[in-house]
Amino acid sequence: MASAPPPTSSAANPAAQKTFTIGTRSSKLALYQTNQVQAALKEAWPDCEFKILSRETAGDLNTVIALREFTTKNLWTQELEELLMAGEVDLIVHSLKDVPTLLPPSCILGPMLKREDSRDVLVMKKGLPNMSFAEMPEGSVVGTSSIRRTAQLARKYPHLKVIDVRGNIGTRLAKLDAEDSPFTCIILAAAGLLRLDLGDRISQYLESKTGGMLYAVGQGALGIEIRKDDQLMHSMLSGVGHKETTLACLAERSLLRKLEGGCSAPLGVESEWVRDADGSSKLRMRSIVVSVNGAESAEVEVDGHIDSAQAAEDFGVTVANELVVKGAGKILAEIQHNKQAA
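Keep in mind the model is a prediction, meaning the values are calculated, not measured. (Residues numbered from 1 in each chain as written. Predicted model: local features only at pLDDT ≥ 70, side-chain atom pairs only at ≥ 80, totals over all residues. Heavy atoms only, no water.)

**Section: the pairing of strand β8 (residues 185-189)**
Then, number 1: Burial analysis of β8 places 5 of its 5 residues in the buried class, the great majority of the element.
Then, number 2: Here β8 shows no split at all, with Cys185, Ile187 and Ala189 on one side and Ile186 and Leu188 on the other all buried.
Then, number 3: Sheet topology places strand β5 (residues 120-124) next to β8; 5 bridges connect them, and they run antiparallel. Across the sheet, Val121 pairs through a bridge with Leu188, a residue of β8.
Then, number 4: Here strand β6 (residues 141-143) pairs with β8 via 2 bridges, running parallel. Opposite Val142, over in β8, you have Cys185 as the bridge partner. (Buried < 20%, exposed > 50% of the residue type's maximum accessible area, 1.4 Å probe, protein only. Helix = DSSP H or I, 4+ residues; strand = E, 2+ residues; numbered from the N terminus. Pairing = 2+ DSSP bridges.)

Rendered as structure tokens:
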């Protein structure tokens, strides 16, 4: 990537600011991801300094309660967003799948770096042979705290049992491999394992063609949150961003926002850029909504030509509407009713 001076901006004099602070969670994976963003910015603007400030969030501090039991949507973001809005940091690096689809009014997502592998993966307990879900004996225990994964497992593999497992990647692997562990396997995001050089633990990549598991909205991508009025930072991120990643993720987040406002729900997606007959690119999005018990589902596959953020937002709404026609609205309404009753 060629070096370039900080871009000009009507909102700020680039010569007046040479030091920027990046906010992040303090986990090993979060710091690794933040280092990726720091390195990309430093390569593009070597005359600037990019410092890192880390904080623990509510999601880091409570690793016991199942994720679906939390009522707040900003488990991983609130403390950092407060620093951003106070001007103590200039940008925040998140795992995009952890970022609610509704941000504080004064914050936006900037352009994103190229996405890592977005798929879920199966990780077997050490000492056990590699098996697919279909090959696992009746009652085998799968570890995950994701309602999306739990619902898709119940739909396709009702012979398996699911038990919650929380914590960072190292903690989850330790829980899996413990001698007295109840788990046969756990499901993790490929991106985290690959970023931490733990790809050797991956037993199988899961997708629509293998394992029947669609991933979380934004999975594998880094969400870089900035202040809405910070034109300088937006311009700087544009210099290191990856257009296809940004547009695909904006479309996925628009889909989720339209369906259920960012609440935890059994929604899976699978997006890919494909070539049309005329050589132009289009985004193909598969999506599924599954009832928690796996008994009901709605799924679609939709193609769209997307060349702007607004087109991505509109495409996400189109996919959401297609899902509603297929019955997703009824499934999500029942889930919300059950949550309120509980």
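That shown, we press on.
**Overview of the pattern of salt bridges**
Then, number 1: Tallied over the entire structure, the rule returns 20 salt bridges.
Then, number 2: When the shortest N-O distance is used, the salt bridge between Asp120 and Arg148 registers 2.8 Å. Note that Asp120 is positioned in strand β5 and Arg148 in helix α4 (residues 147-156), a separation of 28 residues in sequence.
Then, number 3: Assessed through its relative accessible area of 5%, Arg148 is described here as buried.
Then, number 4: Among the salt bridges present, the one from Arg286 reaches Glu270, with a minimum N-O distance of 2.9 Å. Of the two residues, Arg286 sits in strand β12 (residues 281-290) while Glu270 sits in strand β11 (residues 267-275), which places them 16 residues apart along the sequence. Accessibility assignment for this pair places Arg286 and Glu270 in one class, buried.
Then, number 5: A network of salt bridges, in which partner residues are shared, links Glu270, Glu272, Asp276, Lys282, Arg284, Arg286, Glu301 and Asp303. (Salt bridge = Lys/Arg side-chain N within 4 Å of Asp/Glu carboxyl O.)

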